[in-house]
Amino acid sequence: ILVIYGSIHLKEIGSRVSNAGLYADYYVPPGNEYITLEGEPSNEVEKAFFAYEQRQYESAIVAFNNLEIEQMNIGIDFYKAICYAEIDNPNKAINLLSRIKRFESDYAAKAYWYLALFQMRKENDPQAIMNLQDFIELTQDQEWRQKAIELLKILMDKPEKGNK
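This structure is a prediction, so every number in the text was calculated from the model and none was measured. (Residues numbered from 1 in each chain as written. Predicted model: local features only at pLDDT ≥ 70, side-chain atom pairs only at ≥ 80, totals over all residues. Heavy atoms only, no water.)

Moving on to the pattern of salt bridges. Close approach of charged atoms lets side chains of opposite charge pair. By the definition in use, this model includes seven salt bridges. Residue K110 pairs with E33 through a salt bridge whose shortest N-O separation is 2.7 Å. Separated by 77 residues along the polypeptide, K110 in helix 7 (residues 108–121) and E33 in the loop between helix 2 (19–26) and helix 3 (44–53) bring together distant segments of the chain. K110 gets classed as partly exposed once you look at its relative accessible area, which sits at 24%. Residue E33 is classed as exposed on the basis of its relative accessible area, which comes to 58%. For K158, the salt bridge goes to D125, with nearest N and O atoms at 3.1 Å. Here K158 is found in the segment after helix 9 (142–157), whereas its partner D125 is found in helix 8 (residues 125–138), with 33 residues between them in sequence. Per residue, the accessibility class of K158 equals that of D125, and both read buried. Connected through salt bridges with shared partners, the residues D77, K80 and R99 form a single ionic network. (Salt bridge = Lys/Arg side-chain N within 4 Å of Asp/Glu carboxyl O. Helix = DSSP H or I, 4+ residues; strand = E, 2+ residues; numbered from the N terminus. Buried < 20%, exposed > 50% of the residue type's maximum accessible area, 1.4 Å probe, protein only.)

Structure follows, in structure tokens:
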């Protein structure tokens, strides 16, 4: 009975909720798992992540861009993508995350999650659904998998006219 009620309840939510509301409910910027900061930042990487942790996203982007990195750094690009989303530039965030998801790394599953959210924010439900499905396959975190399954059900139960 609870399963049936839950399905009906999710279907009702999906038919009346906006993508902006879903985004607000599910989006949380990830904490810095790249480096541990202690005290004042002493190098450029620390300065970039210090700005990120202080939610000074524009300063963080500048600092990330100033890093002299010869090759793509998936971790730095991941956090830079989050910064772009935070300053209301989801297109740049999507471009960075789309590159990240192609690599086998600890950031690949996270890239799919945030891609889904940013695509949903842009009212691109089909892309959000595809990224959620990929996230569900890749993630090892059961709590996040459950959140993704819940969000996927809501998006899939939305009326077709709501998808763009």
